[in-house]
Amino acid sequence: MEDTTKKRSNYRVDGSFNGSDRLETHGVSVPFLLTNRQRNVNGSSSKMRRRRSHIFRCPHSHWMVVIAISILIIVTMTRYFLFFPHEKWLDEEEVTLSELRNARDLLLQAKRQTLAPLRHVDKEKFTVRINTWHRDAQLVAAVDHYLTCPNVAQIQIVWCDQSNDPPEHLLYGINNSKVIVERHDVNSLNERFRILPLTREVMPTLGILSVDDDVLRSCEAIDAGFYRWTDHPDRIVGFDFRVHLISNNRKIQRLDTNPIWTYGYLSSALKSNQYSMTLPRYCFIHRDYLDLYTKYAPRRLIQTVQKVFNCEDISMSLFVSALTNGQVPLLADFWATTPSMIKLDSKQSISENQNHKQIRDDCVDKFGFLLGLKDGYSALEKVEKWGVLESKTIRHHPHSLFGIGQEANLFPDLLRDDFVESRKNYAKLLSQWNNLNQNKIAKERFPFESAKISLYRRLLTLGLIAS
């Protein structure tokens with residue numbers, strides 16, 4: 001066998017090699033690469049570093065780097081301003097005295113309006129109003145689910161996409177007079193609260209379940225909020241609780257000299273066991289509040305929601321609190337809130353915006369002041385007693401699955417003579433589960449858990465749940 005012959009004629013004394021260095025073995029010529037140890041032994045490391053740094057001292061290379069960085073900055077800023085216009089906005093304009101006075105006057109007009117009283121049908125049925133945007137699969141699944149709920153009288157789809165049509169399944173695939181596609185000519189989150197005249201003419205109920213298309217609950221969990229709302233139709237009854245946080249900071253050089261408010265997520269509410277807001281992505285609300293919001297909400301609220309494509313939930317929750325003397329929204333039973341929620345997988349999400357928290361902080365602070373919830377319009381002449389917003393306790397008992405929040409109903413399974421028949425049946429089912437749970441033979445951790453599991457599995461099969 002031929003011996004291996006090594007040729008290093010091109011190997012330099014300083015430890016570097018010139019690109020033509022080769023190692024011949026068994027007649028095959030391959031590049032000869034020096035190890036780091038060999039380079040260090042020959043003292044070449046510092047020279048190679050000097051050779052690399054010499055590249056950046058080259059005038060042409062320097063300008064190439066500058067041009068590349070400039071292009072990167074231009075592309076980044078273009079994407080920032082053109083494709084995410086709501087990210088560039090923070091409302092630096094402070095509330096003026098005249099703006100505050102106009103807001104108060106609008107609210108005074110709204111408070112003089114009377115909500116329509118509930119009829120018998122309003123205690124039996126409700127209308128689902130779905131806000132949607134570029135999530136067709138989630139929307140179709142949501143509509144199909146709500147059609148299975150016996151207490152649903154109508155389903156309204158708020159369609160604000162002028163460039164695309166609703167899914168064909170909703171237009172032609174279902175033969176159901178309950179579903180109405182409400183086409184809007186403005187793409188704004190305010191539109192979810194604007195009921196078009198043609199829709200209003202055929203709207204069967206005063207009670208509205210306002211929802212997003214990517215959140216679902218079982219029909220039984222929805223009923224927990226519905227029956228609570230029928231007892232308090234002048235309040236919002238929500239399934240999501242949030243809280244405003246009061247910081248120690250103030251801005252002295254502005255009309256609002258109160259401590260700054262910020263937005264508290266679910267984690268903040270649970271940690272403090274306090275809440276003051278709910279989200280219209282899942283809540284029951286009187287139809288007339290939607291009309292009052294569209295007509296009497298301060299212009300800053302409407303314009304801000306339009307501009308940043310955010311904060312409509314904060315706006316409506318605080319608006320109704322202002323009309324009810326600073327009272328917080330009411331909540332459905334605890335088991336029907338977070339434990340019963342199913343979040344659908346979606347790539348379209350406003351909360352993924354990198355400035356989402358900062359925008360919502362600003363909304364809570366300015367909206368609370370404009371609506372008189374921070375100090376009762378102390379900067380203006382007194383007109384009447386105006387309630388300020390104070391957070392309330394969420395869970396009164398650590399392990400209770402039922403009544404939570406303000407004016408909690410700790411015994412929703414108790415029967416009353418004025419209950420409609422469907423509510424009596426519902427209360428009986430709750431009572432049955434409660435008795436089984438107390439005897440430690442209940443098979444469900446919370447009422448109607450099997451209904452949630454069944455719905456979850458169906459959505460998982462459809463590929464709408466992130467695995």
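Note that this is a predicted model, so its numbers are computed, not measured.

Analysis parameters
Residues numbered from 1 in each chain as written. Predicted model: local features only at pLDDT ≥ 70, side-chain atom pairs only at ≥ 80, totals over all residues. Heavy atoms only, no water. Disulfide = S-S within 2.5 Å. Helix = DSSP H or I, 4+ residues; strand = E, 2+ residues; numbered from the N terminus. Buried < 20%, exposed > 50% of the residue type's maximum accessible area, 1.4 Å probe, protein only. Pairing = 2+ DSSP bridges. Contact = heavy atoms within 4.5 Å. Axes fitted to C-alpha atoms, helices over the stretch in contact; angles between N-to-C directions. Parallel < 35°, antiparallel > 145°, perpendicular 65-115°, else oblique. Nonpolar A, V, L, I, M, F, W, Y, C, P; charged D, E, K, R; others polar. Expected span 1.5 Å × (residues − 1). Salt bridge = Lys/Arg side-chain N within 4 Å of Asp/Glu carboxyl O. Left-handed = near helix turned anticlockwise from the far one by under 90°. Phe/Tyr/Trp six-rings, centres within 6.5 Å; stacked < 30°, edge-to-face > 60°. Lys NZ or Arg CZ within 6 Å of the ring centre and 35° of its normal.

Draft legend 1. Representation of the state of the cysteines. Across all of its chains, the model carries 2 disulfides by this definition. The residue that forms a disulfide with Cys149 is Cys219, at a sulfur-sulfur distance of 2.1 Å. Note on the Cys149 and Cys219 pair: the S-S dihedral is about -80°, so by sign convention the disulfide is left-handed. With Cys149 in the loop between helix H5 (136–146) and strand E4 (152–159) and Cys219 in helix H8 (residues 219–231), this pair connects stretches of sequence that are 70 residues apart. Classification of Cys149 as buried rests on a relative accessible area of 4%. Residue Cys311 pairs covalently with Cys363 via a disulfide, S to S 2.1 Å. On the S-S bond that ties Cys311 to Cys363, the torsion sits near 90°, and the link is right-handed. In this pair, Cys311 is assigned in the loop between helix H11 (299–308) and helix H12 (312–323) and Cys363 in helix H13 (residues 356–370), connecting sequence segments 52 residues apart. For the pair Cys311 and Cys363, a shared accessibility class is recorded, and that class is buried. What links to what in the protein: the bonded cysteines, counted in sequence order, pair as 1-2, 3-4.

Draft legend 2. Fine view of unusual backbone geometry. Residue His134 is not a glycine yet carries a positive backbone phi of 55°. Position of His134 relative to the elements: it lies in the loop between strand E3 (126–131) and H5. Owing to a relative accessible area of 39%, His134 belongs among the partly exposed residues under this scheme. Residues other than glycine seldom take positive phi values, yet Phe309 does so here, at roughly 55°.

Draft legend 3. Local environment of the pairing of strand E6 (residues 207–212). Of all 6 residues in E6, 6 are buried, a share of seventy percent or more. In the sheet, E3 pairs with E6 via 5 bridges, with the strands oriented parallel. In the sheet register, Val128 faces E6, and the bridge partner there is Leu209. Sheet topology places E6 next to strand E13 (residues 282–286); 5 bridges connect them, and they run antiparallel. Its bridge partner lying in E13, Gly207 is registered against His286.

Draft legend 4. Broad picture of the sheet that holds E3. The mixed open sheet is built from 7 strands, whose spatial order is E5-E4-E3-E6-E13-E8-E14. A single partner strand is all that each edge strand has here, and the edge strands are strand E5 (179–183) and strand E14 (330–331). Direction of pairing for strand E8 (residues 237–238) relative to E13: antiparallel, over a ladder of 2 bridges. Residue pairing for E13: Val237 is matched across the bridge by Phe284. In this fold helix H10 (residues 287–296) packs onto E3, E6 and E13, with an angle of close to 85° to the strand it touches most, E13.

Draft legend 5. Main features of the packing of H10 against H11. Closest axis-to-axis distance for the H10/H11 pair is 8 Å, and the angle between their directions is 95°. On the basis of their axis angle, the class for H10 and H11 is roughly perpendicular. Contacts between H10 and H11 involve Tyr293, Thr294, Lys295 and Tyr296 from the first element and Arg299, Ile302 and Val305 from the second. Grouping the amino acids of the contact of H10 with H11 by side-chain chemistry returns 4 nonpolar, 1 polar and 2 charged.

Draft legend 6. Structural view of helix H4 (residues 97–111). Taking 1.5 Å per residue, 15 residues should reach 21 Å; H4 reaches 21 Å between its end C-alpha atoms and fits that length. Looking only at H4, the buried set comprises Glu99, Leu100, Ala103, Arg104, Leu107, Leu108 and Ala110. Contact partners of the buried residues in H4: H10, H11, H12 and H13.

Draft legend 7. Region of interest: the pattern of salt bridges. Under the defined criterion, the tally for this structure stands at 29 salt bridges. Two residues, Asp291 and Arg200, come together in a salt bridge whose shortest N-O distance is 2.3 Å. Taken together, the residues span a long stretch of sequence, with Asp291 in helix H10 and Arg200 in helix H7 (residues 197–201) at a distance of 91 residues. A salt bridge links Asp362 to Lys366, with the shortest nitrogen-to-oxygen separation between them at 2.9 Å. Residue Asp362 and its partner Lys366 are both found in helix H13; the two are separated by 4 residues, about one turn of the helix. Grouping residues by exposure puts Asp362 and Lys366 together as buried. Shared partners join several salt bridges into a network, and the residues in it are Glu94, Arg254, Asp256, Asp365 and Lys374.

Draft legend 8. The arrangement of the side chain of Thr199 in detail. Here Thr199 lies in helix H7. The class of Thr199 is buried, set by a relative accessible area of 5%. If we ignore the near neighbours within four places in the chain, the residues touching Thr199 are Gln156, Ile180 and Glu182.

Draft legend 9. Seen up close, the packing of H8 against helix H14 (residues 421–438). It is at 11 Å that the axes of H8 and H14 come closest, and there the two elements cross at 120°. For the element pair H8 / H14, the angle class is oblique. Both H8 and H14 take part in a crossing whose hand is left-handed. Together, Glu220, Asp223, Ala224, Tyr227, Thr230 and Asp231 of H8 and Ser422, Arg423 and Tyr426 of H14 make up the contact between the two elements. A class-by-class count of the residues in the contact of H8 with H14 yields 3 nonpolar, 2 polar and 4 charged.

Draft legend 10. Main features of the packing of aromatic side chains. Within this structure, the stated rule accounts for 14 aromatic pairs. With a centroid separation of 5.3 Å and an interplanar angle of 50°, the aromatic rings of Tyr227 and Tyr426 are classed as tilted. Highlighted residues: Tyr227 in helix H8 and Tyr426 in helix H14, separated in sequence by 199 residues. A residue is classified by how much of its surface remains accessible, and Tyr426, at 8% relative accessible area, is buried. Where Phe239 meets Phe284, the ring centres are 6.4 Å apart and the plane angle is 45°; that geometry is what we call tilted. Here Phe239, found in the loop between E8 and strand E9 (241–246), pairs with Phe284, found in strand E13; they are 45 residues apart in sequence, far enough to count as distant. Looking at Phe284, the relative accessible area reads 0%, which means it is buried. Through a chain of ring-to-ring contacts, three or more aromatic side chains come together here, namely Phe126, Phe226, Tyr227, Phe239, Tyr282, Phe284, Trp335, Tyr426 and Phe448. A cation over an aromatic ring shows up here: Arg395 above the ring of Phe334, its NZ or CZ 3.8 Å from the ring centre.

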